[in-house]
Amino acid sequence: MRKIVIAGNWKMYKTQAESEDFLRGFLPYLQETPEEREVLLCPPFTDLSGLSRNLHGSRVQLGAQNVHWEEYGAYTGEISAPMLTEIGVRFVIVGHSERRQYFGETDATVNLRLRTAQRFGLTPILCVGETKEQRDKGETESLISLQLDKGLVDIDQNNLVIAYEPIWAIGTGDTCEAVEANRIIGLIRSELSNPNVSIQYGGSVKPNNIDEIMAQPEIDGVLVGGASLEAESFARIVNYKLV
Ligand SMILES: O=C[C@H](O)COP(=O)(O)O
């Protein structure tokens, strides 16, 4: 049985005080959320401890936006898996296109981070996706295959979420057609040894397109950036309607 995982990736937004404000507005909406939907917030590192305390006893899980592959060491600016698990973090985003684009993340380092996340009991969310240029050249399928082949070496597919995020759809308002996202996610699934891995769509998911996206049979959730920053908008996404 594939799980529905709906995650908000706050990227580099929200101070600790702002994150607490968000929570006060957001939590009441979860009374309407069907039990089987897993709800996840991935805030900046500085918000994790405070949110972890405030989320105690709630159904919202916490995710980090990155994790280093070593358990500890002289790696200025990085964060380790035990530091995250100690404060109640359960998920971690790995290989987001912004990490690949701005911080030199490669499929090889993505694989190292995935391995370490799993070794310490975190569930990684592996992000894959193509640029506009790669899509225009017809390279989408081969590029994603390569990202999966290299990223998933020796990875346990029983403790994994994948997010398909076409880079041209991130933060642009230019959502990938739901049917096309469904097609690519179906292709991703066909390359996995475990067909029950939850596969999310990410890229300009909004309250006005969530119902159509979640109506697609291959799509098991969403990874939401901008629209997860405001309580009411993320609540509408989490409480999507079955159409
Ligand atoms: O991780 C989330 C994605 O990058 C999507 O961001 P967005 O919803 O602002 O397009």
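Residues numbered from 1 in each chain as written. Predicted model: local features only at pLDDT ≥ 70, side-chain atom pairs only at ≥ 80, totals over all residues. Heavy atoms only, no water.

1. Some remarks on the pattern of salt bridges
Tallied over the entire structure, the rule returns 18 salt bridges. The partner of Asp220 in a salt bridge is Arg2, with the nearest N and O atoms 2.7 Å apart. Linking Asp220 in the loop between α9 (210-214) and β8 (221-224) with Arg2 in the segment before β1 (4-9), this pair joins segments that are 218 residues apart in sequence. Across the pair Lys3 and Glu38 runs a salt bridge, and its minimum N-O distance is 3.4 Å. Residue Lys3 is found in the segment before β1, and its partner Glu38 is found in strand β2 (residues 37-42); the two are separated by 35 residues along the sequence. By sharing partners, the salt bridges in this structure join Glu130, Arg135, Glu141, Glu180 and Arg183 into a single network. (Salt bridge = Lys/Arg side-chain N within 4 Å of Asp/Glu carboxyl O. Helix = DSSP H or I, 4+ residues; strand = E, 2+ residues; numbered from the N terminus.)

2. Things to note about the environment of Tyr75
Summarising the element assignment, Tyr75 is placed in the loop between β3 (60-64) and α3 (81-86). Placed 153 residues apart in sequence, Tyr75 and Ser228 show a C-alpha to C-alpha distance of 30 Å. Setting aside anything within four residues of it in sequence, one finds Tyr75 in contact with His68 and Glu70. (Contact = heavy atoms within 4.5 Å.)

3. Notes on the sheet that holds strand β5 (residues 123-128)
Pairing is parallel around the closed barrel formed by eight strands, whose spatial order is β1-β2-β3-β4-β5-β6-β7-β8. With strand direction ignored, the average angle separating the axes of adjacent strands in the sheet is 25°. (Pairing = 2+ DSSP bridges. Axes fitted to C-alpha atoms, helices over the stretch in contact; angles between N-to-C directions.)

4. Observations concerning the packing of helix α5 (residues 107-119) against helix α7 (residues 140-151)
Helix-helix packing is described using two parameters, namely the angle between the two axes and the distance between the axes. Where α5 meets α7, the axes come as close as 8 Å, and the angle between the chain directions of the two elements is 45°. Put simply, α5 runs oblique to α7. Pair α5 / α7 crosses with right-handed handedness. Residues Asp107, Asn111 and Leu114 of α5 form the contact with α7, whose participating residues are Leu146, Gln147, Lys150 and Gly151. (Parallel < 35°, antiparallel > 145°, perpendicular 65-115°, else oblique. Left-handed = near helix turned anticlockwise from the far one by under 90°.)

5. A look at the environment of Val153
Residue placement: Val153 occurs in the loop between α7 and β6 (161-164). Discounting residues that sit within four places of it in the chain, Val153 has contacts with Asn111 and Arg115.

6. Observations regarding the packing of aromatic side chains
One pass over the structure, following the stated rule, counts five aromatic pairs. Residues Trp10 and Phe22 carry aromatic rings whose centres are separated by 4.8 Å and whose planes lie at 75° to one another, so their mutual orientation is edge-to-face. Here Trp10 is found in the loop between β1 and α1 (16-26), whereas its partner Phe22 is found in helix α1, with twelve residues between them in sequence. With relative accessibility at 4%, the residue Phe22 sits in the buried group. Between Tyr102 and Phe103, the aromatic rings sit 6.4 Å apart at their centres with planes inclined by 80°, giving edge-to-face as the arrangement. (Phe/Tyr/Trp six-rings, centres within 6.5 Å; stacked < 30°, edge-to-face > 60°. Buried < 20%, exposed > 50% of the residue type's maximum accessible area, 1.4 Å probe, protein only.)

7. Section: the site of the ligand
Residues in contact with the ligand amount to 13 residues; listed here are only the nearest, Lys11, His96, Gly171, Ser204 and Gly226. Here His96 contributes a side-chain N or O atom positioned 2.8 Å from an oxygen atom of the ligand. With respect to the ligand, the backbone of Gly226 contributes an N or O atom lying 2.9 Å from an oxygen atom. Contact with the protein chains covers 97% of the free accessible surface of the ligand, which is 310 Å². A molecule is said to occupy a pocket when more than half its atoms come within 2 Å of that pocket's grid points, and by this definition the ligand occupies the second largest pocket. Counted by class, the shell around the ligand contains four nonpolar, seven polar and two charged residues. (Near = heavy atom within 4 Å. Polar contact = N/O pair within 3.5 Å; in protein donor to acceptor, adjacent residues only side chain to side chain. Areas by Shrake-Rupley, 256 points an atom, 1.4 Å probe, with all protein chains shown as cover. 1 Å grid on protein atoms, 1.4 Å probe; cavity = no way out; pocket = protein on both sides within 12 Å on 5 of 7 lines; lining within 4 Å. Sits in = over half its atoms within 2 Å of the grid points. Nonpolar A, V, L, I, M, F, W, Y, C, P; charged D, E, K, R; others polar.)

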